[in-house]
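Take a look at the letters that make up each chain.
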Amino acid sequence: MRWRGLHGLLALWLGAGCNGAAPASPPRSPGEPAASAPRKSFTLGDGAVEEVVRAVSAARQLSPTRPVGVVRLDHARFLERLLAGRDAEPSPDGALSAEAAFLLGFNFLPQPGQRGGLSTVDEVLKEQVVGFYSRSADKVFIPDVALASEDELLEQRAVLAHEVQHALQAQHFPDMPEARSSDEAIAQLALIEGDAMVTMGAWLGAEAGAPVGRTLRRILEVTKRVPLASVTRGEASTKLDKALDLTKKRLEFPYRDGMLLVTDVYRAGGFPLVDKMYTRLPRSTEQVLHPEKYLAGEAPRPFADPRPPPGYELSAADTLGELDTRILLERCVGAEVAERTAAGWAGDRFGVFAGPDRRLATAWISAWDTEEDAEELEAALGQSAACWHENALGLGRGDYTIGANIAVRRQGKLVAFVRGLPERAEAALVPQLFALAGPEPRPTPLTHLSIPPRVSLPEPTPGRLEGDVYRNGWLDVVGRVPQGMLGHVGGDVELVVERPDTLVRGGMSVSTRITSDAENEKTFGEVQESFVRDVAALSMRVEALGGGPVTTALGAGVERTWRVVGTWVELRLVLVPICAGTGSIVFVQAYGDPYARSVLDSWMNSFRWTHGRNLTACDFLDPK
């Protein structure tokens, strides 16, 4: 519910009923007078840190087995700690690293003259990382910086929630098997970071009073519509934007696509099934991109390492995986075709070889789900000759280079790709690549549970007035405007009924906040704060009259009432839970005498369910 609109409505009600009233006297009724909100400090203190740890544990349903250590460092020491222990990035000193061989072998590097301004991974990390957890130190590190607003404070608390989940992961799931390829390493990281993203989302949802299921569905939809890179700070001038396309997408993948994986697994079996994922980590980026394949236990087909041709030696051997295959193809066939083509990936292995005169060659053998998938890759690679060009590592002397010539061959569900070899060596190598394929593995499902179909959430729609009858199909309710009163539909408040000549006004709207005792108190507190502020502008005061359970025509609810001291003016708020308590219909009444109160009570009790409680709104408030 957008309380800002109700704040304005409260001011209108007060303006109609309280002009010219005498200054307020001290409160006279049971209930403490409401005070103005204190000035907030934008500092993440020890108490706030402890509260985040407690809330994360509750939201993610993982209790700490030991205290979670959180260390605040100044910016310089934070960056020093962040990069400590990272291997220095290779410099072109005449040696060929496996990473450089891979980048050059698959043409992920621009030509030497086009690399100006490219960001390194370390530069990207320095800019983007605003908190991290160290397994070796078993501590969360965050920068101790001045925060300029509540938004910045919320951002830092959200980052802390993400990193606290990493600490809880280490406590509950300490044994992490070593990845057998870089693709598997990215897939494992996708579970770890995706779980932390989901936890952060659950924490943010709890802060806003939303259930986990709805929060994760909303986050998922937003993430699909808005790429992560488009919301990084600094926009076009960021180091992330200036990194290699491969670097950007590899850095974003564990967060964005890992969150999508964990979200879908949560939808299938809740956090217990997410916890079970740590007993069988994802084996490939294919399993991350296709959660149903992960749950079904579809493992990648094994391959032996390609052997170098005579006169060559192996510089790098690894697995490309569906993610890197997609990025590779995007250069030539466009993003949509690349995604569709790469989706049939079932396993691969590549080798990059260094030969005479420091000439490199690439050999890649891949398996596909069906022959049609293999044919699609064969066609895509066969049409990609224009995308491959002569390239070099960029050393001053004794440079490593690679040619533009490629060859593509298919054998059933296997596709062989060779680049940079002389024609005779190429012809001899291709048959050897097909022989590297191991048997197709049998699936071993993680669970019998399946991911529910994903349907679009039914966004809220306004009701309509037909004479004095109000109907709302989204809420499945019908009500009536009292005789002699005017009704208005739409805006921040769904329905308003009023008489302009006296203080008798009612408002009906929907709150998307869950209806627990704690969240109800937040709602009452926000309305009280607004009421106090608006009344104070008239040099008057408010006293709380109390409240409790109430029975309405729509079911049991809870109410709270306040009075302007020294007047008959009262404000009443009634919350009626709907959709298993994941939201509520909210009635607001403002009146200046008992008769006006009775009119508004009759109006509220005119509401009925049209077809029972099978609300369209529930598919929005409590989605599966």
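Keep in mind the model is a prediction, meaning the values are calculated, not measured. (Residues numbered from 1 in each chain as written. Predicted model: local features only at pLDDT ≥ 70, side-chain atom pairs only at ≥ 80, totals over all residues. Heavy atoms only, no water.)

A. Here's a closer look at the overall build of the protein. For the protein, the helix and strand inventory stands at 18 helices and 21 strands. By the burial criterion, 51% of the 624 residues in the protein qualify as buried. Considering only intrachain contacts with a sequence separation of at least 6, the fraction spanning at least 24 residues in the protein is 71%. As displayed, the protein offers around 28300 Å² of accessible surface, 52% of which is attributable to carbon and sulfur atoms. (Helix = DSSP H or I, 4+ residues; strand = E, 2+ residues; numbered from the N terminus. Buried < 20%, exposed > 50% of the residue type's maximum accessible area, 1.4 Å probe, protein only. Contact = heavy atoms within 4.5 Å. Areas by Shrake-Rupley, 256 points an atom, 1.4 Å probe, with all protein chains shown as cover.)

B. Summary view of helix 12 (residues 321-333). Under the 1.5 Å per step criterion, the end-to-end length of helix 12 is 18 Å for 13 residues, consistent within 8% with the ideal 18 Å. Turning to helix 12, its buried residues are Gly321, Glu322, Leu323, Asp324, Thr325, Arg326, Ile327, Leu328 and Leu329. Downstream of helix 12 by a residue or two, Gly334 has a phi angle that is positive, lying close to 85°. (Expected span 1.5 Å × (residues − 1).)

C. Local environment of the sheet that holds strand 2 (residues 132-134). What the three strands build is an open sheet, ordered 1-3-2; its pairing is mixed. Lying at the two open borders of the sheet, with one neighbouring strand each, are strand 1 (69-73) and strand 2. The average undirected angle you get between the axes of adjacent strands in this sheet is 30°. Pairing between strand 1 and strand 3 (residues 139-143): five bridges, direction parallel. Its bridge partner being in strand 3, Arg72 is matched across the sheet by Ile142. Along the sheet face, helix 6 (residues 150-172) touches strand 1, strand 2 and strand 3 and points at about 165° away from the line of strand 3. (Pairing = 2+ DSSP bridges. Axes fitted to C-alpha atoms, helices over the stretch in contact; angles between N-to-C directions.)

D. Here's a closer look at the packing of helix 6 against helix 7 (residues 182-208). Where helix 6 meets helix 7, the axes come as close as 8 Å, and the angle between the chain directions of the two elements is 130°. By the angle between their axes, helix 6 is oblique relative to helix 7. The way helix 6 lies across helix 7 gives a crossing that is right-handed. Facing Leu154, Arg157, Ala158, Val159, Ala161, His162, Gln165, His166 and Gln169 of helix 6, the residues of helix 7 in contact are Ile192, Glu193, Asp195, Ala196, Met197, Thr199, Met200, Trp203, Leu204 and Glu207. (Parallel < 35°, antiparallel > 145°, perpendicular 65-115°, else oblique. Left-handed = near helix turned anticlockwise from the far one by under 90°.)

E. Inspection of the packing of helix 9 (residues 245-277) against helix 12 at higher detail. Orientation of helix 9 relative to helix 12, taken along the N-to-C sense of each, is 145°, at an axis distance of 11 Å. Helix-helix and strand crossings are classified by hand; for helix 9 and helix 12 the assignment is right-handed. Residues Asp245, Leu246, Lys249, Arg250 and Phe253 of helix 9 lie in contact with helix 12, whose contacting residues are Leu323, Asp324, Ile327 and Glu330. Of the residues contributing to the contact of helix 9 with helix 12, the split by class is four nonpolar, no polar and five charged. (Nonpolar A, V, L, I, M, F, W, Y, C, P; charged D, E, K, R; others polar.)

F. Summary view of the packing of aromatic side chains. Evaluated as defined, the whole model comprises 18 aromatic pairs. When the centroid spacing of 5.8 Å and the interplanar angle of 55° are considered together, the rings of Phe102 and Phe106 count as tilted. An angle of 0° between the planes, with centres 4.0 Å apart, marks the rings of Phe173 and Tyr278 as stacked. Separated by 105 residues along the polypeptide, Phe173 in the loop between helix 6 and helix 7 and Tyr278 in the loop between helix 9 and helix 10 (285-289) bring together distant segments of the chain. Here the two residues Phe173 and Tyr278 agree in accessibility, since each one is buried. In this structure, Arg331 packs its charged tip against the face of Phe108, placed 5.6 Å from the ring centre. Across the ring face of Trp388, the terminal group of Arg331 is positioned such that the distance to the ring centre comes to 5.1 Å. (Phe/Tyr/Trp six-rings, centres within 6.5 Å; stacked < 30°, edge-to-face > 60°. Lys NZ or Arg CZ within 6 Å of the ring centre and 35° of its normal.)

G. The sheet that holds strand 21 (residues 608-609), seen in detail. Strand order in the open sheet formed by four strands is 11-12-13-21, with antiparallel pairing between adjacent strands. Each edge of the open sheet carries a strand with a single partner, namely strand 11 (464-466) and strand 21. Of the strand pairs in this sheet, strand 13 (residues 477-480) and strand 21 are connected by two bridges, and their pairing is antiparallel. Looking at strand 21, one finds that Val477 is bridged to Trp609.

H. A look at the state of the cysteines. Under the counting rule described, the total for this entry stands at two disulfides. Note on cysteine connectivity: Cys332 is disulfide-linked to Cys387, with sulfurs 2.2 Å apart. You can see Cys332 sitting in helix 12 and its partner Cys387 sitting in the loop between helix 14 (371-382) and strand 7 (391-392), a full 55 residues away along the chain. Between the sulfur atoms of Cys579 and its disulfide partner Cys618 the distance amounts to 2.0 Å. For the disulfide bridge between Cys579 and Cys618, the dihedral angle about the S-S bond is near -85°, and by the sign convention the bridge is left-handed. Taken as a pair, Cys579 in the loop between strand 19 (570-578) and strand 20 (583-591) and Cys618 in helix 18 (residues 616-621) lie far apart in primary sequence, 39 residues in all. With respect to class, Cys579 is no different from Cys618; both count as buried. Here the cysteine-cysteine linkages of the protein are recorded as 1-2, 3-4, numbering only bonded cysteines and doing so in sequence order. (Disulfide = S-S within 2.5 Å.)

I. Region of interest: the pattern of salt bridges. What the rule picks out here adds up to 37 salt bridges. Taking the shortest distance from any N to any O, the salt bridge between Asp501 and Arg499 comes out at 2.8 Å. By sharing partners, the salt bridges in this structure join Glu371, Glu375, Glu378 and Arg410 into a single network. (Salt bridge = Lys/Arg side-chain N within 4 Å of Asp/Glu carboxyl O.)

J. Geometry of the confidence of the model for the protein. Per-residue pLDDT for the protein has a mean of 85; in total, 85% of the residues score no lower than 70. For residues 1-39, every residue scores under 50 in pLDDT, and the model assigns this stretch 83 contacts once sequence neighbours within four places are set aside. A low-confidence stretch, residues 222-237 stays under pLDDT 50, and its non-local contacts, those more than four residues away or across chains, total 20 contacts. (pLDDT = per-residue confidence, 0-100.)

K. Layout of unusual backbone geometry. With a phi close to 55°, Asp138 is a non-glycine residue in the positive phi region. Relative to the helices and strands, Asp138 is located in the loop between strand 2 and strand 3. Exposure remark for Asp138: the relative accessible area of 23% places this residue in the partly exposed category. In the Ramachandran plot, Ser539 falls in the positive-phi region, its phi being about 60° despite a non-glycine side chain. Mapped onto the secondary structure, Ser539 falls in the loop between helix 16 (517-536) and strand 17 (542-552).

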